[in-house]
Amino acid sequence: MVCTKKGFRVFANVVMVVLALCCVLPFILLISSSVTDEATLMKNGYAFIPETVNFMAYQYLFQSFGGILRAYGMTVFVTAIGAFLNVSMTMFMAYLLSKRDLPGRGFISFFIFFTMLFSGGMVPSYIVWSQYMHVGDSVFALICPNLLLGGYNVILMRTYFTTNVPQEILEAAEMDSCSEIGKLFHISIPLSKPMISTVALFSALAYWNDWINGIYYLTRRKDLYTIQNVLNSMMNNVQFLKENTLDAASAQIVNQIPTQGVRMAIAVISVVPILMIYPFFQKAFIKGIVIGGVKG
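Residues numbered from 1 in each chain as written. Predicted model: local features only at pLDDT ≥ 70, side-chain atom pairs only at ≥ 80, totals over all residues. Heavy atoms only, no water.

Caption draft 1: Inspection of helix α8 (residues 151–164) at higher detail. The terminal C-alpha atoms of α8 lie 20 Å apart, and with 14 residues this matches the ideal 20 Å at 1.5 Å per residue to within 8%. Those residues of α8 lying buried are G151, N153, V154, L156, M157, R158, T159, Y160, F161, T162 and N164. (Helix = DSSP H or I, 4+ residues; strand = E, 2+ residues; numbered from the N terminus. Expected span 1.5 Å × (residues − 1). Buried < 20%, exposed > 50% of the residue type's maximum accessible area, 1.4 Å probe, protein only.)

Caption draft 2: Spatial organisation of the pattern of salt bridges. The full count for this structure, using the stated rule, is five salt bridges. One salt bridge in this structure joins D137 and R220, with 3.3 Å as the shortest N-O distance. Within this pair, whereas D137 is found in the loop between α6 (122–132) and α7 (140–143), its partner R220 is found in the loop between α12 (212–217) and α13 (227–244), the two being separated by 83 residues in sequence. Residue D137 is classed as buried on the basis of its relative accessible area of 14%. Exposure remark for R220: the relative accessible area of 67% places this residue in the exposed category. Among the salt bridges present, the one from K183 reaches E174, with a minimum N-O distance of 3.6 Å. Given a relative accessible area of 2%, K183 falls into the buried group. Residues joined by salt bridges that share partners form a network here, namely K99, E174, E180 and K183. (Salt bridge = Lys/Arg side-chain N within 4 Å of Asp/Glu carboxyl O.)

Caption draft 3: Structural detail: the side chain of S203. Locating S203 in the fold gives a position in helix α11 (residues 193–209). On the accessibility criterion, S203 (3% relative accessible area) is buried. If sequence neighbours within four positions are ignored, S203 has contacts with G82, A83 and N86. (Contact = heavy atoms within 4.5 Å.)

Nothing here speaks to function; it is geometry throughout.
Have a look at this one:
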């Protein structure tokens, strides 16, 4: 029996190492490719160890350092405000749905679940937000459409409230004349920090990686572009120059732009801040997912 358990541990460790390498190696290849010479990339392809180190891709991107810095600031602002509103609305709705005596609780839960399966589509959504809500060319265009509230997060947090917040404590608080707002802020939220951290991370990642809203709703206010939109615009500009340069002198200059390296550098610039922040949320994130998944 002891040998069997030891063999299982060895097997489990090997599997976890393989899975960890599958997650880490793409990032290593990404960073290595971003600092590899363009000619070497075109000739030999991607490699984990760059044959010829060249930082021209980063030099090209940081020629517009002021624009990138402003876009980072806008991204941080939108992510912070959007995640705060998302978590707040999710908590309020999930707390109400966790009440078994809530009138119409089943219908509301089904309605939220239905939105996870079907949506009205991009065109109706664009018409509602641009023509009726008038969020176009404003910071609200980066916060409200598609990301402000999600059915998955609501159901995840409702399940957590239902299964991990003891009803006896809530009933005792009610007997002490505690209001629903008091029970939410003084009991449910303190006991649900792992799930709140998980939802906050989900929401922050969605806002940080979003570039669709900027393309659709920011038609004149380019100064409101987030880092994803700015980097995407740079990549499109490089591709446009490559395809539409006519005279030989300009073509020679344009061909020196490291197209593949720029794409990799864009990905590195986009993902590095998330990699730096994630370890601080990792413990609460794993705990929230495990408890929500087992008890849900």
